[in-house]
Amino acid sequence: QRCVVLRFLKFPPNQNKTSEEILHHLQNIVDFGKHVMKQFFGENYVHHGEIIQLPLDFVRHLCLKIQPERPESRCDKDMDTLSGYAMCLPNLTRLQTYRFVEHRPILCIEIKPKCGFIPFSSHVSQEIKHKVCRYCMHQHLKVANGKWKRPSKYCPLDLFSGNKQRMHFALKSLLQEAQNNLKIFKNGELIYGCKDDQDCVSDWNELALHLKPFFFPSNGLVSGPHCTRTIIKELIHVITMTLLSSTDACRAGDMKTVPISQGRSYCEASAFNKELVRNGKHKLESSGLPRGCLLYKTLQAQMLDMLDIEGLYPLYSRVEQYLEEFPEERSTLQIDGPYNEAFYEKLLDLSTEDDGTVAFALTKVQQYRIAMTAKDCSIMIALSPCLQDECSEQRPVVLTSKSRFTFSVSVLDLDLKPYESIPHQYKLDGKIVNYYLKNVQAKDDPVMSSLFKENEDCTLVLHKV
């Protein structure tokens, strides 16, 4: 009735936390959203929520009720039913800006855009990382490990390019192979996307049936085999326009940012890029993102990863070594919070000249954690049809060929990535790159693959030394 969401902490079994620890953890999440991520993304986009306390009886009943709904892959953790603390947040599958249109049907698209740039750091040891983006490389390892059945054609660099043709291609690829990067909700119910790792529904015809009343309300004109394609096209157009729209100002907009031109604006593994090369066309340069739009702000936060994990890992080790000698310094260094104004101010130091100090190393580690958070966030676009006479100046509106929508854009999944996860990220990076070099690039490289083919019968000659 109040259109809110309750969010509870989850822990591995037998890892009991006291109520005080849970309250502190939740307070950190709220403070981080309020004092740090709001500065990067802007007031209208970030909803940090508030902490509430619930009757334990209610929490236990709720836990029993939702347990059968939880995907198997998530059941390795238990919901906290002992403290009674939870976070109360707005339901982002609903429109955030105008309460009185709640009775209208609402469509919501959730996109996890992932990392939108290619590392430009001189610390990168493998040349391939300067050419192929992390997402496109990781796809091959995920398919090999059985997480997904097929690699997706989606490449984040296409979405972040600001070039409408590339953005349309990226969104169409996401719709074809949603994985956990795209979900569509109608009136709060999931109608398209993955419930579990393997359980992906990608029936465009069924999706078109859901969407038709939104895009073609008069119900004539569009039917038959072209119907599905036309509706999907309209959906892609609306998502693109809302992603490029700007509805908020924030401090990060004025922040001295990392020049995007430092990295390359396309990824060699992108299906869009390969198509261009195949057709003998020159590179379609990125049109660039409007400064105020959420994708631009997301990219700026992601680009706080200036050294790449390879350049960052030695700095993490320096901080670790210092903490081993002076464990009591952990709270002074604000590794686990508090996430306040002072914490945010330190993130604004974009120098990359290492002066050998722990302070420099810590700043880069904290910036990397912010970047990782931005690489893993989700963007929610809520759309509701509006009549011509209702569309006043104050509301952001997006038009399609037959209808108009009022919309709100929000960002979520903004919990700070754990300091302790950095060694895991370092190992994973090596795995992704090595798998790609060995199993994908070797096959793609015509010289290499012809070498493999020609010399299948080999003789090994041993010489005395």
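What you see is a predicted model; the values in this text were computed from it and never measured. (Residues numbered from 1 in each chain as written. Predicted model: local features only at pLDDT ≥ 70, side-chain atom pairs only at ≥ 80, totals over all residues. Heavy atoms only, no water.)

S.K.: Just give me the short version of the overall build of the chain, but keep the residues and values in it.
M.R.: Secondary structure assignment for the chain yields 14 helices and 12 strands. Each of the 465 residues in the chain was classed as buried or not, and the buried ones make up 48%. Accessible surface, the chain: about 24000 Å² in total, of which carbon and sulfur atoms supply 52%. (Helix = DSSP H or I, 4+ residues; strand = E, 2+ residues; numbered from the N terminus. Buried < 20%, exposed > 50% of the residue type's maximum accessible area, 1.4 Å probe, protein only. Areas by Shrake-Rupley, 256 points an atom, 1.4 Å probe, with all protein chains shown as cover.)

S.K.: Explain the environment of Ala-144 to me, using residue names and the numbers behind them.
M.R.: You can see Ala-144 is positioned in helix H3 (residues 134–144). It is 10.0 Å that separates the C-alpha atoms of Ala-144 and Asn-439, two residues lying 295 residues apart in sequence.

S.K.: How would you sum up the packing of aromatic side chains? Please name residues and give values.
M.R.: This structure, assessed with the given rule, holds 11 aromatic pairs. Taking the centre distance of 5.1 Å and the plane angle of 50° together, the rings of Tyr-316 and Tyr-419 count as tilted. Separated by 103 residues along the polypeptide, Tyr-316 in helix H10 (residues 308–325) and Tyr-419 in the loop between strand E12 (404–412) and helix H13 (422–444) bring together distant segments of the chain. Tyr-419 shares its class with Tyr-316; the two are buried. Here Tyr-322 and Phe-326 contribute two aromatic rings whose centre-to-centre distance is 5.0 Å and whose plane-to-plane angle is 50°, an arrangement assigned as tilted. With relative accessibility at 33%, the residue Phe-326 sits in the partly exposed group. (Phe/Tyr/Trp six-rings, centres within 6.5 Å; stacked < 30°, edge-to-face > 60°.)

S.K.: Go over the nonpolar core, please, and point to the residues and values.
M.R.: Membership of the largest hydrophobic core comes to 88 residues, with the highest contact counts inside it found for Val-36, Phe-40, Phe-41, Leu-175, Ile-184, Phe-215 and Ile-370. For this core, the leading source of residues is helix H7 (residues 225–244), giving 9 residues. When residues are assigned to domains, this core turns out to be shared by domain 1 (1–90) and domain 2 (92–454), each giving three or more. Core analysis: the second largest hydrophobic core is formed by 17 residues, Val-319, Leu-323, Met-372 and Tyr-419 among them. (Core = buried A, V, L, I, M, F, W, Y, C linked by side-chain atoms within 4.5 Å. Domains from an automatic or database assignment.)

S.K.: I'd like to hear about the side chain of Asn-28, residue by residue, with values.
M.R.: The residue Asn-28 is located in helix H1 (residues 19–41) in this model. Take Asn-28: its relative accessible area is 13%, and that puts it in the buried class. Every residue in contact with Asn-28, bar those within four places of it in the chain, is listed here: Asp-336, Gly-337, Pro-338 and Tyr-339. (Contact = heavy atoms within 4.5 Å.)

S.K.: Can you tell me about the pattern of salt bridges, naming the residues and giving the values?
M.R.: According to the stated counting rule, one finds 15 salt bridges in the structure shown. Across the salt bridge formed by Lys-38 and Glu-43, the nearest N and O atoms sit 3.3 Å from each other. Lys-38 gets classed as buried once you look at its relative accessible area, which sits at 14%. Given a relative accessible area of 52%, Glu-43 falls into the exposed group. Note that Asp-354 is salt-bridged to Arg-318, the shortest N-O span being 2.7 Å. Of this pair, Asp-354 sits in the loop between helix H11 (341–346) and helix H12 (358–375) while Arg-318 sits in helix H10, and the two are 36 residues apart along the sequence. (Salt bridge = Lys/Arg side-chain N within 4 Å of Asp/Glu carboxyl O.)

S.K.: How would you summarise the sheet that holds strand E1 (residues 4–7) if you had to cite specific residues and measurements?
M.R.: On the basis of which strands lie adjacent, the open sheet formed by 3 strands has the order E1-E5-E3 and antiparallel pairing. Looking along the sheet, the strands with just one partner apiece sit at the ends: E1 and strand E3 (50–53). Along the sheet, successive strands turn relative to each other by an average axial angle of 40°, direction set aside. Here H1 sits on the sheet in contact with E1, E3 and strand E5 (85–90), set at roughly 20° to E5. (Pairing = 2+ DSSP bridges. Axes fitted to C-alpha atoms, helices over the stretch in contact; angles between N-to-C directions.)

S.K.: Residues and numbers for the packing of H10 against H12, please.
M.R.: In contact at an axis separation of 9 Å, H10 and H12 are set at 125° when each is read in the N-to-C sense. Comparing their axes, H12 and H10 come out oblique. Crossing of H10 against H12: the hand is left-handed. Contact residues: H10 offers Ile-309, Leu-312, Leu-315, Tyr-316, Arg-318, Val-319 and Tyr-322, while H12 offers Val-358, Phe-360, Ala-361, Leu-362, Lys-364, Val-365 and Tyr-368. Across the contact of H10 with H12, the residue classes break down as 12 nonpolar, no polar and 2 charged. (Parallel < 35°, antiparallel > 145°, perpendicular 65-115°, else oblique. Left-handed = near helix turned anticlockwise from the far one by under 90°. Nonpolar A, V, L, I, M, F, W, Y, C, P; charged D, E, K, R; others polar.)

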